Every structure is written in structure tokens, then in C-alpha cells.
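Reading the structure
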Protein chains: 2
Amino acid sequence: MQPFSRVTVIGLGLIGSSICRAVRAYMPTARVTGHDADAEVRAIARRIDLCDDVTDTAGASVIDADLVILCVPVGAMGKAAAAIAADLPADAIVSDVGGAKASVFAALRDALPGVTIVPGHPVAGTEFCGPESGFASLFKGRWCILTPDEATPPLATLRLRAFWEGFGANVEEMTPEHHDLVLAVTSHVPHLIAYTIVGTASDLEAVTRSEVIKYSAGGFRDFTRIAASDPTMWRDVFLNNREAVLEVMQRLTEDLGAMQKAIRNGDGDVLFDAFSRTRAIRRSIIEQGQDDAKPDFGRSH
Amino acid sequence: MQPFSRVTVIGLGLIGSSICRAVRAYMPTARVTGHDADAEVRAIARRIDLCDDVTDTAGASVIDADLVILCVPVGAMGKAAAAIAADLPADAIVSDVGGAKASVFAALRDALPGVTIVPGHPVAGTEFCGPESGFASLFKGRWCILTPDEATPPLATLRLRAFWEGFGANVEEMTPEHHDLVLAVTSHVPHLIAYTIVGTASDLEAVTRSEVIKYSAGGFRDFTRIAASDPTMWRDVFLNNREAVLEVMQRLTEDLGAMQKAIRNGDGDVLFDAFSRTRAIRRSIIEQGQDDAKPDFGRSH
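Model, not experiment: these values are computed from the prediction.

A few points about the overall build of chain A
A count of helical and extended segments in chain A gives 13 helices and nine strands. A globule of 301 residues ought to have a C-alpha radius of gyration of about 19 Å, and chain A, at 21 Å, matches this closely. Its C-alpha atoms put chain A at 65 × 40 × 35 Å along the principal axes. Out of the 301 residues belonging to chain A, those deemed buried represent 56%.

See the structure below:
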């Protein structure tokens, strides 16, 4: 019993192309249709046989869909939704994978009045992008957050839950606002910090860029991975989750100030205590299967 | 032609035990003697046959050494050096692996007047610690920084260079002061940020610790790895590289302020530009073999 039989994916980047592959791998009787606004991406998708069909227009991709998932940057969701509005079947469910949910939900509601919308966000990815970077097992063991509201028919949410669970994902429901705060902490602020520190390091006069690269194994290289993520996607996330990101940044700035003060004052106990309590979090993440237990993420040595 | 034939390693944690293993793997005719101040660590080292000999006192470990490497936390270097001073052969070279070099060099000079000292720092490691966490290939392809001064006999530096190159490491020389600034950028500040953000995330009232763990694959988990590093080692690094760390933190704080301002003002162009230029650094790190090219550090999926 598959929850959907005609799935359309709009936006064939890392996440969209991984969904296409996962549908084919785990829901073999479902048909998957793809569309991307970029003709070059469509050509690649056809060449690598990503979908059963890749259409040249967004409208053509949804005409017989029972599930449409928008996998475009958060700032492009409203436009992508508007492009399918006229051709969407009355009983189709529309979802998305955007990393900010309150603003996306509002944009989808505006563009698709009367349509059943179940916003979603699979918390998974790599630093690579484009149709060739996806893989079917990306969502396995990861969490997918759904953010329906009171107007969402419970059956639609149940079907979407079954869809993600079919990929091996765990599904959780919460409000869009809570999602945005949780992700500000676990994803958005870490990305902002990583992007910033990589920039700071390249701008120092007294340390050359070549030195930063050579000695990056001391810790810096970990930050460069997420700082290599798609700039458009991340610009849109920050513009669309402004309040929660600034709130968490405010707290982080205070905590960084306390650390600097402890260093300035030579207060070893404060540092030791702070550095000791963080290990428990790492341990829990590994115990719950959210990271590799191997040293150094399992990097090859 | 091996540069040393009787190597003593004092402190048998991740780095010390990796040196022991590397000597055995790559310099099979050299004898390696180990000592650790902790009796439990000595017992483990004996059980896993880490060294040719594990001595109960520091003095006994150095009596016939031609190279002694101190692998204890930065703040314990002076004491470790003092403990071997009386038994050190006149022609032995003393080195270390500390992550801060100016303060360690001063402490070693104080404790070992007249001894040939070549301070060193292999920029390599994992988040694990203890004698069982080491491995012989840890230094392969990584950089080892030596910080001799004018008083250091050039031949001693050459021999230590050959020693590290024997493990597959690349060797660079610089002043202790420059080392401390470079490492503040590439290692110390990244660790401080990681420790802090993991702490901030656990302290938020509106987001539970369980949520932070569940959704950590969105970026946060990357930070928890280095925030699981040894607290004593890192406390000592910050206490002993205060000025450089605070200088880099000052710059980072300014840059974070600029990012927050761009988010607050909805200035997408500033964000996009900042997020675009950081990719080049990641690319160079991979090209130069300082990180895994595989997506997500090669984590298993």
C-alpha cells in the first residue's frame, strides 16, 4: 500500500533528486515526474534517467499528480506554487522541503487557495548540490518534520507521514513557528557561524590563505564543509527565518562573550566546566543514530 | 637511516600513543619507551603492548633516550619537563606536541636549561582520547609545525623534521608566535565556537535537548564532534594562547555582527556574496588533501 501513486517533484537539486531516487527505490509502483526551471538541470535529469518523465513546464508536471513536492529555495516557493496553481488536480496534496516553515506555509497558502497543503522539511543533506548529487538513502534514519495547521485534513498529513516513512525517515509534527526556532538552533545558526568564520579566516592579514588551508585539520576544515553549501538556498533561509535566527544569535553572542571573559581572566574552571558538559550531547547524537560513531566522522585516514 | 634510535614518549593519550604506534610501524629498528603520570594509562599501555617498555617514573623513561617527546596537556609541559631534567642524557633532543607554542617553549626552556629543545605541533587528531584511540597513520598527509629559535642547533631541527616526515607528515617551520596566531584561526577559535554553540543550544528554554539531538543532522552535529574533545587539553590551550585567541575572536565577533545586520535588514546580496566566496576555501582544502572529498566527510549513509 503506497500512500501516493503519481508523485511530482519540482526542483531537481540535491533534495529533489534524492526524493526521485527514493520513490524509485522504495515505491517502485509509483510514477515520478520531475520539473526544474533550469533547462540545463532538466537535460541532466533526462540524461541520468532520474524520473519517469521530466516536463518542460511546471504545469505539465502536475496535471495528474496526487502528491506535488516543491524542492526549490525557500524564497522561490511562492513563485513555484503559483506556476502549478492552474493545472493542479483538485485532490492533489502539495508539500515542500523548505528549511523555514512559517514563511513558506504563508506563501503556499497565498498562491494555492483551497489546496491541501502539508509543509514538510526533511532534516538531511550534504554540502553538494544539483541533480547528480542526490541519493535514495539520504533520508534513512533522519527526521522529517511536518508542520500542518488546524485547516490541514488529518488524512493528508497521515499520507505524507507514510510517504516519508517509506524512505526510512522518522516523522515528527510541530507548528511552523516551533520548527523555525528549532532549526535556527540546529541548522541555521551553525551554518551562519561556519560561513562567517571561514570568511574571517580568509580576511586576516597576518595569516595567509595558504596557511589557513594547510593547517585546517586542527578543526577549521569541519566548518568549511557546511560553508560550502548552496548560497542561494541559505540566503533564502536567513531572509525567511530572520527573527528566530537573530534570537539564537543573540544568545550565542552572550555566551561567546562569557567564554572570552573567562579566557581573558585566565579562569580555567569556567572553561573546563563548559568543555566537559558538551560531550554528553555528542554521545546522545551518536546513540540516537544521528551521526557516525567513528572517530573524525569516519573520515578515511 | 632513522633519525633517532631510542624514542621516549611521555603522555600516552591520542597523540602520544599514535607516535608510539607510528615509530613501530615506520621506524621498526627504533626502540620506543613510554611513560604516563596516570597508573591506569600505563596499565592499558602495557596490556595493548603500545611500547617496547613502559616505565613507572618519568626519569626512568629517558635515561638512554635520544629523542623525548612530551605529549601532555600544554599546561602540564613545564612539570613534565622538570620531571625528566635530572635523568636526561646530555645529547638528547626534547620536543613536544602542544597546541600553543610560545608559552610551552618558555616553560621547556625554564625547566631544561642547556637542553636542545625543538618544539613541535602535529596538526592532527580526532575527538577521542586515551592510549587506545591512537593509530599509526594519524599524521600521514597532515602538517607538523616546528618552532625552533636562533639557539636551536639546525641539525636537531633537521633530525626532528626527518622523524615526522618518516610518519608521512609534511613539516613546516615558523616562529612560536606565528604558530600561535595561525592555530588560533585554524583550530582554537573553531573549537571555542563549537564548545560554545553546543552549550548555547542545550541552554535554550524553548527548544528541548531532545530536539537539538534529533534534528542535529541539519548542521549542528558537525560542531558536536570537536566539542567532544578533551576538556583539559583545550582549557590549557586557551589559557596559554590567550592573546591570539582573543584577537581572532574580536574579528569574528565583528564579522558576525555584520552578518546579523544583513539578516536584520533583509540584505540578500550581502549574504549571497558572503556565502559564495567560502566555497573556494573548501575546494582548496580538498585539493590539498586536507579533507575527504566525499560528501558529508564520507559519513556512512
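Some words on the packing of helix H7 (residues 176–203) of chain A against helix H7 (residues 176–203) of chain B
Contact pair H7 of chain A / H7 of chain B: the axes reach a minimum separation of 11 Å and the direction vectors enclose 160°. By the criterion of interaxial angle, the relationship of H7 of chain A to H7 of chain B is roughly antiparallel. Where H7 of chain A crosses over H7 of chain B, the two elements pack in a sense that is right-handed. Contacts between H7 of chain A and H7 of chain B involve Val185, Val189, Pro190, Ile193, Ile197 and Ala201 of chain A from the former and Val185, Val189, Pro190, Ile193, Ile197 and Ala201 of chain B from the latter. Among the residues making up the contact of H7 of chain A with H7 of chain B, the classes are represented as twelve nonpolar, no polar and no charged.

Section: the interface of chain A and chain B
Counting residues at the interface gives 95 residues for chain A, matched by 95 residues for chain B. Elements supplying a minimum of two residues to the side of chain A that touches chain B: H7, helix H8 (209–214), helix H9 (220–226), helix H10 (231–240), helix H11 (242–264), helix H12 (268–277) and helix H13 (279–287) of chain A. Taken together, the residues of the side of chain A that touches chain B break down into 49 nonpolar, 26 polar and 20 charged.

Description of the sheet that holds strand E8 (residues 143–146) of chain B
Residues and elements named next belong to chain B. Read across the open sheet, the three strands follow the order E7-E8-E9; overall the sheet is mixed. With one partner strand each, in any of the chains shown, strand E7 (120–122) and strand E9 (170–173) form the two edges of the open sheet. Within this sheet the neighbouring strands show an average axis-to-axis angle of 20°, counted without direction.

Things to note about the domain arrangement of chain A
All names here are of chain A. Segmentation of chain A into domains returns domain 1 (6–174) and domain 2 (178–289). Put simply, the middle of domain 1 and the middle of domain 2, counted by C-alpha atoms, are 30 Å apart. At the interface, 15 residues of domain 1 touch 18 residues of domain 2. Its residues assigned to classes, the side of domain 1 that touches domain 2 shows seven nonpolar, six polar and two charged.

Let's talk about the sheet that holds strand E7 (residues 120–122) of chain A
Residues and elements named next belong to chain A. Within the open sheet, the three strands sit side by side as E7-E8-E9. Their pairing is mixed. Pairing within the sheet leaves two strands with one partner each, and these edge strands are E7 and strand E9 (170–173). Each adjacent strand pair in this sheet contributes to an overall mean axis angle of 20°, direction not counted.

Brief notes about the environment of Val118 of chain A
Residues and elements named next belong to chain A. By the element assignment, Val118 lies in the loop between strand E6 (116–117) and E7. On the basis of neighbour count, Val118 is assigned to the buried category, with 26 C-beta atoms found within 10 Å. Placed 71 residues apart in sequence, Val118 and Arg47 show a C-alpha to C-alpha distance of 31 Å. Look past the residues within four positions of Val118 in its chain and what remains in contact with it is Ile93, Ser95, Leu146, Pro148, Thr152, Ala156, Thr157 and Leu160.

Describing the pairing of strand E2 (residues 31–35) of chain A
Residue and element names in this part refer to chain A. Summarising burial for E2: four of the five residues are buried, a large majority. Here five bridges tie strand E1 (residues 6–10) to E2, and the two strands are oriented parallel to one another. Within the sheet, the bridge partner assigned to Thr8 lies in E2 and is Thr33. The parallel pair E1 and E2, bridged by helix H1 (residues 14–26), forms a crossover whose chirality is right-handed.

Calculation notes
Residue positions within a chain follow its written sequence, with the count starting from 1. To label them, take the chains in the order written and letter them from A, then take the ligands in the order written and number them from 1. With pLDDT at 70 or above as the cut-off, local features in this predicted model cover only qualifying residues; side-chain atom pairs require 80 or more to be listed or tallied, and sums for whole chains, interfaces and linings still use all residues. To qualify as a helix, a DSSP run of H or I must reach at least 4 residues; to qualify as a strand, a run of E must reach at least 2; elements of each kind are numbered from the N terminus. The quantity called the radius of gyration is restricted to C-alpha atoms. Its globule counterpart is 2.2 Å times the number of residues to the power 0.38. Once C-beta atoms are placed from the backbone, each residue is buried if 20 or more other C-beta atoms lie within 10 Å of its own, exposed if 12 or fewer, and partly exposed for counts between those two. Angular values range over 0 to 180 degrees, each being the angle between N-to-C directions of two axes fitted as lines to C-alpha atoms, with helices fitted over their stretch in contact. Reported orientations rely on four angle classes, namely roughly parallel under 35 degrees, roughly antiparallel over 145, roughly perpendicular from 65 to 115, and oblique for the rest. If you view the pair so one helix is near and one far, a crossing is left-handed when the near helix is turned anticlockwise from the far one by less than a right angle, and right-handed when it is turned clockwise. Contact between two residues is assigned when their C-beta atoms, built from the backbone, lie within 7 Å. Gly falls in the polar group here, along with every residue not listed as nonpolar (Ala, Val, Leu, Ile, Met, Phe, Trp, Tyr, Cys, Pro) or charged (Asp, Glu, Lys, Arg). Note: two strands are recorded as paired if DSSP finds a minimum of 2 bridges between them. Domain delimitation in this document rests on an assignment produced automatically or drawn from a domain database. The handedness of a crossover follows from its direction of travel: if, with the strands pointing away from the viewer, the path from the first strand over the helix to the second runs clockwise, the crossover is right-handed.

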